[in-house]
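Listed below, chain by chain, are the residues.
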Amino acid sequence: MTVDFVAPDSRVMFRTCDREKDRVVFQMGTADPDRALTVARLVEKDVAAIDVNMGCPKEYSTKGGMGAALLSDPDKIEAILKKLVGGVAIPVTCKIRILPLQEDTVRLVQRIEKTGVAAVAVHGRLKEERPRHPVHCDYIQAVAEAVSIPIIANGGSLDLVKTHADIEAFQKRTGASSVMLARAAMWNASIFSSKQLLPVETVMEDYLKYAIRYDNNPFNTKYCLSQMLRDKVESPQGKKMQEAQTMTEISEVYGLQDFYRQTQEQLHARGDSLQTSVQSDRPVIDGDITTMAVKFERREYPPQITPKMFLLEWSRKQKLEQPSYETVQRAQDRGFQSIVTVAERKYRSSLWEKSKKFAEQAAAIVCLRVLGIPEGRIGEEDSGLVCKRKREGRPGVPDEEEGNKKRHVVENQLKSTGAETNSDHHKPDTPPEHL
């Protein structure tokens, strides 16, 4: 069973599980204290700690003011970390690179310590330096001696850490409390075992089985396997892996097609079981709003036909006021959710959409389904509703008596659908996305 944080376009942005809940640290790139806290609060119940990456030198990070760009803005560093420390109930840490002057690096970490973080990881290279440059262990040691919080040494994967025994040697050389490994861990995760390194082929097979069990993204899986292959990535097997586009194809490259098939059967069976136990297509009354968990899928409707058009035409035929839409956007993933009002009744999908237009269509679908009105999907019987943007003449404004009659009709239709009232449904589902 996984815990997924999903963007409005249905992409899984972060996936974790109960097994790693007390071990995994969620690292984010950010340049905004408020947005950082919003994201941290989304994940804090499913991770062990929050870390802010203030050392990434890559352009995609620094051009947005994140990563190593923060090293030249200590005020923003302080603002971000104070916001996080005061806003979540789990430990907050950060990772930095060293500054040109050792004393400036020490002063920066002393300032970071005062924000209340639980630890600081120090990558012993300048932001301009790359793995080919030697790591500055003396800088890490100076920082470790100057503060009381744990300092985590980082940057020794290539030259200093090749075996498990090297981890302790790197720790002693820098005076750090512990060691953080990235590349060495990706190359062969068994480096964390006190026993001898496992053959990389064994590690790759174990990793791929985990990736299959947890339905990992195939392109992420290929990237991790490529890191393990290193100079063998151009081997015949490596080339086949690079050509693979799906988890099925990746499994075949490594002879795990039977394991993949069996795992998929188990996952599908579990999914079917969960689906039958959750009746997400039933309407639920949330205050004065009727909600359903539906999404607008453009491919399910003919060209030029949409649920909004059907709802508009139905409203006109019933001589009701034109449906009105009220849409909101949430900050953390820029997802949209819309409420449509028809005959003084409000309808909304509990799911968030990737655009304002899609959110309005989803709200229209909820209204149509609750009222038992056709919505225009492919394969639906002809409803007789003519969806045209131009109409002959202008509809007159219904008088109060006629309007009351039509509203009465709608209310009776709503009652006949058996909409469920549930006091536990105060808020719409809010699945997160890109952090």
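What counts and what doesn't
Residues numbered from 1 in each chain as written. Predicted model: local features only at pLDDT ≥ 70, side-chain atom pairs only at ≥ 80, totals over all residues. Heavy atoms only, no water. pLDDT = per-residue confidence, 0-100. Contact = heavy atoms within 4.5 Å. Buried < 20%, exposed > 50% of the residue type's maximum accessible area, 1.4 Å probe, protein only. Helix = DSSP H or I, 4+ residues; strand = E, 2+ residues; numbered from the N terminus. Pairing = 2+ DSSP bridges. Right-handed = clockwise from strand over helix to strand, strands pointing away. Axes fitted to C-alpha atoms, helices over the stretch in contact; angles between N-to-C directions.

J.: An account of the confidence of the model for the protein chain is needed here, citing residue identities and associated values.
T.: Per-residue confidence for the protein chain averages 88 on the pLDDT scale, and 85% of its residues sit at or above 70. Low confidence marks residues 387–406, where pLDDT is under 50. Its contacts with residues over four positions away, or in another chain, come to 14 contacts. Low pLDDT (under 50) marks residues 414–435, which in the prediction has 51 contacts with non-local residues, meaning those over four places away or in another chain.

J.: Run through the pairing of strand β3 (residues 25–28), naming residues and quoting values.
T.: What you see with β3 is a clean split: Phe-26 and Met-28 sit on the buried side and Val-25 and Gln-27 on the side with no burial. Across four bridges, β3 lies against strand β4 (residues 49–54) in parallel orientation. When the bridges of β4 are listed, Met-28 appears paired with Val-52. Running through helix α1 (residues 33–43), the crossover from β3 to the neighbouring parallel element β4 is right-handed.

J.: Can you tell me about the sheet that holds strand β7 (residues 151–154), naming the residues and giving the values?
T.: As summarised here, the arrangement of the six strands in space is β3-β4-β5-β6-β7-β8, forming an open sheet in which the pairing is parallel. Either end of the sheet is taken by a strand with one partner, and the two such strands are β3 and β8 (178–180). Sheet twist, expressed as the mean angle between neighbouring strand axes with direction ignored, is 25°. By the bridge criterion, five bridges tie β4 to strand β5 (residues 92–97) in an arrangement that is parallel. Within β5, the position partnered with Val-52 by the bridge is Cys-94. Here α1 sits on the sheet and contacts β3 and β4; the angle it forms with β3, its principal contact strand, is near 160°. Across the sheet, helix α6 (residues 164–174) touches β7 and β8, and the angle it forms with β8 is around 115°.

J.: Kindly report on the environment of Val-161, identifying the contributing residues and their values.
T.: Summarising the element assignment, Val-161 is placed in the loop between β7 and α6. Sequence separation between Val-161 and Ala-184 is 23 residues; the distance between their C-alpha atoms is 7.3 Å.

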